[in-house]
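# Working through the structure, step by step
Letter by letter, the chains look like this.
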Amino acid sequence: MALRLWKKKLPAREDKVMKRSLKLEEGVFDSQTRFTLRAFMNKGLIDGLDYPVSTGKEADVYRARAGPKFEGEGEFVAVKIFRIATSDFQRMTDYLRGDPRFSRVKHSKREIVYAWARKEFRNLRLCLDAKVPAPEPYAFNKNVLLMQFIGEEGVPDSTLKDVGSDNPEKDCETLLGYARRLYANNFVHADLSEFNVLMHGYPEAVPYLIDVGQGVVLEHPKAEEFLARDVARILHYFKKYGVKKDAGAALRWVKA
Ligand SMILES: Nc1ncnc2c1ncn2[C@@H]1O[C@H](COP(=O)(O)OP(=O)(O)O)[C@@H](O)[C@H]1O
Ligand SMILES: [Mg+2]
């Protein structure tokens, strides 16, 4: 069904018209999401969606062509569209409520998902402020988030899970270092794993953190628990490469 989004090859003039109207097929997006995407187009932020990079239960990520606002800054933008119907609202609410930035009670499922998109936007900003590589957030509106496209010549980078690590000792240390820097900046990713790290650049890939929507500030009552889980998952992943680190010592280092 999402395949229908692939843009047909059109002659130049028609292509322009097509770009302006952005054929957003019925059935792929609900009318509110189409409206939001159009608003981004009208603001010159995107020119159209190319294809889905990833489709998930709670969100789909698309490669989009950058609009005129990004003139000279790169050709593509990543568009993350949070699904209203299939999201786990209870889980989202748990991460929102304990975080004083978002604790105001949301009344509808829609509002919860909107708050989630806003939270991911804020959290990406926080990562960059803490000097941790992550996609630069550009804009959000309702359930749609625009951010820097992490890839090479239009090809999205692969996750650590998919490409693996060429330098496990170093990558493990780098990721623990990110957790440490974030913690020093009052923040925990809370879903750190090989699935949420993109390996960017060649020959030496730099890990980029993504999927930061569930990240919380340290005031969240479960922040410490989330941090311990993040550290444990990273150590567990690198253990198969023979990287031996004591979980307690690593956690103490991250918090030091
Ligand atoms: N900024 C980005 N640039 C390129 N690819 C991305 C970007 N953000 C996400 N992706 C791709 O989309 C996938 C899903 O994104 P993610 O934020 O982890 O959402 P979720 O896990 O909730 O579906 C990632 O594994 C990655 O392949
Ligand atoms: Mg993910």
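Scroll up for the structure.
Residues numbered from 1 in each chain as written. Chains lettered and ligands numbered in written order. Predicted model: local features only at pLDDT ≥ 70, side-chain atom pairs only at ≥ 80, totals over all residues.

## Looking at the pairing of strand E4 (residues 137-141)
- Two strands pair when backbone bridges link them, and E4 and strand E5 (residues 144-148) are joined in this way by 4 bridges, in the antiparallel orientation. Its bridge partner lying in E5, Ala139 is registered against Leu146.
- In sequence, E4 turns back onto E5 through a hairpin of 2 residues, with Lys142 there showing a positive phi of about 55°. (Pairing = 2+ DSSP bridges. Helix = DSSP H or I, 4+ residues; strand = E, 2+ residues; numbered from the N terminus.)

## Description of the pairing of E5
- Extensive coverage of E5 is indicated by the burial of 5 of its 5 residues.
- Sheet topology note: the strand E3 (residues 76-82)/E5 ladder contains 5 bridges and is antiparallel. By the bridge assignment, Lys80 is partnered in E5 with Leu145. (Buried ≥ 20, exposed ≤ 12 C-beta atoms within 10 Å, placed from the backbone.)

## Notes on the site of ligand 1
- Around ligand 1, the surrounding shell holds 18 residues, and the nearest of these are Ser54, Gly56, Val61, Ala78 and Asp211.
- Those elements that place two or more of their residues in the shell around ligand 1 are strand E1 (46-55), strand E2 (59-66) and E5.
- Residue composition of the shell around ligand 1, grouped by class: 10 nonpolar, 6 polar and 2 charged.
- Looking at the shell around ligand 1, you find at least three residues from each of domain 1 (2-152) and domain 2 (157-255). (Near = placed C-beta within 6 Å. Nonpolar A, V, L, I, M, F, W, Y, C, P; charged D, E, K, R; others polar. Domains from an automatic or database assignment.)

## Regarding the nonpolar core
- Residues Val77, Val79, Leu146, Ala179, Val188 and Leu209 are the most contacted members of the largest nonpolar core, which totals 69 residues.
- Among the elements that line this core, the one with the most residues is helix H4 (residues 109-129), at 9 residues.
- Domain assignment of the residues forming this core places at least three in each of domain 1 (2-152) and domain 2 (157-255).
- Residues in contact with Leu146, not counting those within four places in the same chain, are Phe40, Leu45, Ile46, Val77, Val79, Tyr138 and Ala139. (Core = buried A, V, L, I, M, F, W, Y, C linked by C-beta atoms within 7 Å. Contact = placed C-beta atoms within 7 Å.)

## A closer look at the packing of helix H6 (residues 168-184) against helix H7 (residues 223-239)
- Interaxial distance between H6 and H7 falls to 10 Å at its minimum, and their mutual angle equals 175°. Taken together, H6 and H7 sit at an angle that is classed as roughly antiparallel. For the pair formed by H6 and H7, the contact residues are Pro168, Cys172, Leu175, Leu176, Ala179 and Tyr183 on the first element and Leu227, Asp230, Val231, Ile234 and Phe238 on the second.
- Residues that form the contact of H6 with H7 fall into these classes: 10 nonpolar, no polar and 1 charged. (Axes fitted to C-alpha atoms, helices over the stretch in contact; angles between N-to-C directions. Parallel < 35°, antiparallel > 145°, perpendicular 65-115°, else oblique.)

## A look at helix H3 (residues 89-97)
- Of the positions making up H3, those classed as buried are Met92, Tyr95 and Leu96. For H3, the buried positions fall inside an angular range of 100° around the axis, keeping them on one side.
- Buried residues belonging to H3 abut H4 and strand E11 (216-217). (Arc of directions from axis to C-beta.)

## A short note on H4
- The terminal C-alpha atoms of H4 lie 30 Å apart, and with 21 residues this matches the ideal 30 Å at 1.5 Å per residue to within 8%.
- Following H4 by one or two positions, Lys131 adopts a phi angle in the positive range, close to 65°. (Expected span 1.5 Å × (residues − 1).)

Spatial relationships are all this shows, so hold off on functional conclusions.
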